[in-house]
Amino acid sequence: MPARGGVTRIAGAGGFWGDQVMAPITLMEGADIDYLTMDYLSEVTMSIMHKQKARDKTSGWATDLFDWLEAGGLELLKKKNTKLVTNAGGANPGACAEAVLGLACALGWVDCQIAIVVGDDIHPRIEHMNADGILTDLSGKSVDEALTAKLISAHAYIGAGPIARALEQGADIVLSGRVADASLIVGSMLHAEGWAKNSVAAELPICSPIESWAPMELHHPLDVIAGWTLAGHLIECGAQVTGGNADSWADITDLVNLGYPIAEIATDGSSVITKPEGSGGAVTRANVAEQMLYEIGDPASYFTPDVILDITAVSLDEIGTDRVAVAGARGRPRPDNLKVSSCFLDGWFTSATLLVPGPQAIAKAKATDYILLSRLAGLDELVIHTEFLGTGITMPKGGIELQGDLPEVMIRWSVKSPNRTDVEIFGKSVAPLVLTGPAGVCGYSARPRPRSQLRFVPLLVSRETVEARVDIPMLRTLRKALTERRPDLETRVFNRLQRISENENRIITKRIASRVLRGLERPVGRGKVN
């Protein structure tokens with residue numbers, strides 16, 4: 001894709017599944033961009049999606065994607081020739097792709113090319129991997145067999161290569177499972193800068209080190225990849241880099257209409273972070289610095305599937321209103337292992353709250369808690385964690401609990417147990433405190449229901465074992481597939497069927513033509529890129 005003004009403009013329109021649903025539409029209406037990226041997956045989101053997929057084989061993906069595409073986003077993507085790259089596929093990229101392709105066909109974009117990136121789900125092989133000694137915990141120690149036996153999900157963080165090759169194959173929309181957040185942006189840059197085309201011409205494997213895809217004249221490809229990775233890291237959390245969740249929140253204008261970020265990324269790895277003109281928020285050196293350090297770990301060794309990023313020499317310079325230039329990232333060869341996000345079922349949990357008014361709010365809250373704990377003392381496996389909201393519980397360790405009386409205190413109980421019955425009993429014990437505890441206690445709602453608890457377990461796996469399984473099925477309609485083989489079918493058959501379905505007087509003939517046309521809009525595969 002040709003760059004605009006010598007740079008590639010990539011937007012980050014969401015930071016998690018639950019972010020502002022229509023933000024991508026607002027962003028595209030306010031700015032011209034080459035690629036729109038959306039990060040929907042947090043650490044445990046994949047496990048939640050697995051639970052959804054177990055109940056319904058068509059679920060297990062971020063359905064917010066469909067909502068904004070249906071509301072006008074898909075038409076904007078087509079109109080502006082913007083590529084969409086997102087990990088919204090979650091635990092079920094295929095079902096996600098079918099839903100999006102069906103929507104595209106319904107809206108008239110019948111030649112929309114959708115690619116899905118798979119291979120991150122290693123759960124079916126997790127026990128064999130552990131037995132072969134290629135699975136460890138984060139410290140490099142072996143994993144207990146009992147743990148791998150009870151895992152319900154395990155997804156490796158895949159890098160940018162498959163994203164780039166999907167785009168190179170002509171995809172308008174790329175839907176993936178657990179691709180690393182910043183790799184969505186790096187993959188887009190590999191395509192924009194021609195590295196993906198180089199890899200195809202050289203017949204390099206899809207998951208080979210992406211520095212080997214670089215032009216021959218480029219002397220420091222790892223530093224370029226590091227710069228692209230840093231740009232991706234800066235926009236992967238959406239509006240967090242444009243003023244959301246910022247320490248300087250009180251000085252930021254119009255958080256109501258907070259703009260989402262755009263990275264103008266150059267060939268050499270440098271970038272400028274900005275946002276749509278006229279949108280709220282602020283792109284400042286301080287806000288960009290806060291996001292740069294967010295979840296980074298060691299600033300000299302931030303591990304990603306594509307490169308080990310060193311940000312210790314990075315410069316951040318305000319070069320205009322809402323424009324921060326980023327340069328100086330350095331890279332080292334990618335790690336031998338990939339991080340794995342895995343999870344197992346660990347009993348049941350729920351939570352409940354009650355409001356305790358003053359006077360003597362703190363004393364009454366503690367008394368109320370004592371009563372509840374005493375009544376449930378016979379449930380040996382029930383673990384109860386109590387918090388008195390409003391008394392200083394958010395203070396860092398060592399903070400002083402407020403000693404004076406307060407107008408009110410909110411009690412929040414969080415409980416867990418291996419037994420569902422224990423949690424149910426707790427749920428039935430909260431509301432009675434209103435009439436059987438200290439005076440004035442109120443604010444109860446419906447009985448809290450037990451929920452199965454997912455326990456997150458980060459692991460490491462040898463990357464060679466995972467990435468050898470990556471493929472990219474390209475999806476499009478049956479009509480598109482047939483016309484690729486026989487272009488004359490469009491004018492000789494399909495257009496005629498369209499006219500019959502619209503103008504034919506004989507009802508039966510009209511219905512048959514309409515039914516055939518609907519069948520032609522079903523999604524089919526077009527092979528794999530290995």
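Here, every reference points to the structure presented above.
A few points on the structure. The model shown is predicted, which means the values in this text are computed figures rather than measured ones. Along each chain, the written sequence defines residue order, and numbers are assigned to residues from 1. In keeping with the model being predicted, local features are shown solely for residues with a pLDDT of at least 70 and side-chain atom pairs are shown and tallied solely at 80 or more, while totals for entire chains, interfaces and linings include all residues. The side-chain numbers reported here are obtained from all heavy atoms of the structure, hydrogens and water having been left aside.

Bringing the overall build of the protein chain into the picture now. Strands are runs of DSSP state E lasting at least two residues, helices are runs of H or I lasting at least four, and both sets are numbered from the N terminus onward. A count of helical and extended segments in the protein chain gives 18 helices and 20 strands. A compact globule built from 530 residues would reach a C-alpha radius of gyration of about 24 Å, and the protein chain, at 27 Å, matches this within 12%. Principal-axis analysis of the C-alpha atoms gives the protein chain an extent of 80 × 65 × 55 Å. Accessibility here uses a 1.4 Å probe with only protein chains present; expressed as a share of the type maximum, an area under 20% marks a residue as buried, one over 50% as exposed, and anything in between as partly exposed. For the protein chain, buried positions account for 51% of its 530 residues. Whether two residues are in contact is decided by their heavy atoms, any of which lying within 4.5 Å being enough. Within the protein chain, counting contacts between residues at least 6 apart in sequence, those at least 24 apart form 76% of the total. The globule rule used here is 2.2 Å times the number of residues to the 0.38 power, and the radius of gyration it is set against is calculated over C-alpha atoms.

Moving on, we come to the pairing of strand 13 (residues 323-327). Remember that side chains alternate between the two faces of the sheet whenever the strand is regular. For two strands to be treated as a pair, DSSP must find no fewer than two bridges joining them. In this structure, strand 9 (residues 271-274) lies alongside strand 13, joined through 3 bridges in antiparallel fashion. The residue bridging Val272 from the neighbouring strand is Ala325, located in strand 13. Two strands pair when backbone bridges link them, and strand 12 (residues 315-320) and strand 13 are joined in this way by 5 bridges, in the antiparallel orientation. Considered in strand 13, the bridge of Leu316 is made with Val326. What sits between strand 12 and strand 13 in their antiparallel hairpin is a turn of 2 residues, with Asp322 showing a positive phi close to 55 degrees.

Before going further, it helps to spend a moment on the packing of aromatic side chains. Here a Phe, Tyr or Trp ring, Trp counted by its six-membered ring, pairs with any other such ring whose centre lies within 6.5 Å, and the pair is stacked when the planes are under 30 degrees apart, edge-to-face when over 60, and tilted otherwise. With the rule as written, the count across this model stands at 1 aromatic pair. A centroid spacing of 4.9 Å and a plane angle of 55 degrees characterise the contact between Trp195 and Trp228, whose relative ring orientation is tilted. Highlighted residues: Trp195 in helix 9 (residues 195-201) and Trp228 in helix 10 (residues 221-235), separated in sequence by 33 residues. Trp228 matches Trp195 in its accessibility class, with the two residues each being buried. In our convention, an over-ring charge means Lys NZ or Arg CZ found within 6 Å of a ring centre and within 35 degrees of that ring's normal. Above the plane of the ring of Phe344 lies Lys150, whose end atom (NZ or CZ) is 4.2 Å from the centre. Sitting over the face of the ring of Trp348, Arg420 holds its NZ or CZ atom 4.8 Å from the ring centroid.

So, about the nonpolar core. Nonpolar side chains tend to gather and get buried jointly when the protein is soluble and globular. Formed by 51 residues in total, the largest nonpolar core has its most connected members in Leu190, Leu230, Ile273 and Val288. Secondary structure elements with two or more residues in this core: strand 4 (114-117), helix 7 (161-168), helix 8 (181-192), helix 9, helix 10, strand 8 (262-265), helix 11 (285-293) and strand 13. Core analysis: the next-biggest nonpolar cluster, separate from the first, contains 43 residues, Leu27, Leu36, Leu41 and Ile116 among them. Put simply, buried Ala, Val, Leu, Ile, Met, Phe, Trp, Tyr and Cys residues joined by side-chain atoms within 4.5 Å make one nonpolar core.

Within this analysis, patches are made of residues with over 30% relative accessible area and no salt bridge. Like charges are joined at 9 Å or less; nonpolar side chains (Val, Leu, Ile, Met, Phe, Trp, Tyr) at 5 Å or less. The method behind every accessible area is Shrake-Rupley, applied with a 1.4 Å probe, and residues are considered shielded solely by the protein chains displayed. Think of a salt bridge as a Lys or Arg side-chain nitrogen and an Asp or Glu carboxyl oxygen that are within 4 Å of each other. On the surface, a cluster of nonpolar side chains totalling about 290 Å² of accessible area is made up of Ile508, Ile512 and Val516. With respect to the helices and strands, the residue Ile512 is situated in helix 18 (residues 507-520).

Moving on to the environment of Glu277. Within the secondary structure, Glu277 sits in the loop between strand 9 and helix 11. For Glu277, a relative accessible area of 81% translates into the label exposed. Considered as a pair, Glu277 and Ala11 are 266 residues apart in the sequence and their alpha carbons are 13 Å apart.

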